[in-house]
Amino acid sequence: MSAPGVRNLSIVHRDSYAHTITIVDANSAPVVLTGRTYDAQIRAQPAESGTADASFTVDLTNLATGVIVISLTAGQTGALIPGLPYFWDLQETVTASTFKTTILAGRVSVVQDVTV
């Protein structure tokens, strides 16, 4: 099993947030994602148990083209504390086998907004 890809995120406090991810194979061709589900969360500590600080909505509309979109509402980003270090990851589950793999992970920076 390989280590997850690293993708650090920068989120503006109290703004809606969306991030498009295209999953490709070794030849950079999009992977058909049918039969897979995805979960993504933000936590203050990577191995923390209990409730996540934020759970992304995962849009699976474009599974045939290898594209997923993860998003947070303005209310969700407003609950994150600017300047506090956070961590996130994206996990893939193959539905038929329930095999779960973390495919992306990284740090989350929450930037203080100015306009309220």
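It should be noted that the structure appears before, not after, this text.
Read on for a plain summary of the structure. Predicted model only: the values in this text are computed from it and were never measured.

1. Quick word on the layout of surface pockets
At step 1: By volume, the largest pocket amounts to about 190 Å³.
At step 2: Lining the largest pocket are D39, A40, Q41, I42, R43, Q45, P46, F87, W88, D89 and Q91.
At step 3: When residues of the lining of the largest pocket are assigned to their parent elements, the largest contribution, 5 residues, is made by strand β4 (residues 36–43).
At step 4: A breakdown of the residues in the lining of the largest pocket according to their chemical character gives 5 nonpolar, 3 polar and 3 charged.

2. Side note on the side chain of T77
At step 1: Along the chain, T77 falls in helix α1 (residues 74–78).
At step 2: Filtering out sequence-adjacent residues up to four positions away, T77 remains in contact with I11, V12, H13, R14, D15, Y17 and L72.

3. Brief notes about the environment of A79
At step 1: Inspection of the secondary structure puts A79 in the loop between α1 and β8 (86–94).
At step 2: The spatial distance from the C-alpha of A79 to the C-alpha of V67 is 27 Å, given a sequence separation of 12 residues.

4. Concerning the packing of aromatic side chains
At step 1: Taken as a whole and judged by the stated rule, the model has 1 aromatic pair.
At step 2: Considering the side-chain rings of F56 and W88, the 5.9 Å spacing of their centres and the 65 degrees angle between planes classify their relative orientation as edge-to-face. Placement of F56 in the loop between β5 (54–55) and β6 (57–62) and of W88 in strand β8 is noted, with a sequence separation of 32 residues between them. Comparing F56 with W88, the two get one shared label, buried.

5. Digging into the nonpolar core
At step 1: Among the nonpolar cores identified, the biggest contains 25 residues, and I21, I42, F56, I70, W88, L90 and V108 are the most heavily contacted of them.
At step 2: Of all elements in the fold, only β2 (9–12), β3 (17–22), β4, β7 (67–72), β8 and β9 (99–111) reach the threshold of two or more residues within this core.
At step 3: Excluding its chain neighbours within four sequence positions, the residues that come into contact with I42 are I11, A52, D53, A54, F56, L72, L80, Y86, F87, W88 and V108.

The rules we used
- Residues numbered from 1 in each chain as written.
- Predicted model: local features only at pLDDT ≥ 70, side-chain atom pairs only at ≥ 80, totals over all residues.
- Heavy atoms only, no water.
- 1 Å grid on protein atoms, 1.4 Å probe; cavity = no way out; pocket = protein on both sides within 12 Å on 5 of 7 lines; lining within 4 Å.
- Points joined across faces, edges and corners; volume = space filled by probe spheres on them.
- Helix = DSSP H or I, 4+ residues; strand = E, 2+ residues; numbered from the N terminus.
- Nonpolar A, V, L, I, M, F, W, Y, C, P; charged D, E, K, R; others polar.
- Contact = heavy atoms within 4.5 Å.
- Phe/Tyr/Trp six-rings, centres within 6.5 Å; stacked < 30°, edge-to-face > 60°.
- Buried < 20%, exposed > 50% of the residue type's maximum accessible area, 1.4 Å probe, protein only.
- Core = buried A, V, L, I, M, F, W, Y, C linked by side-chain atoms within 4.5 Å.

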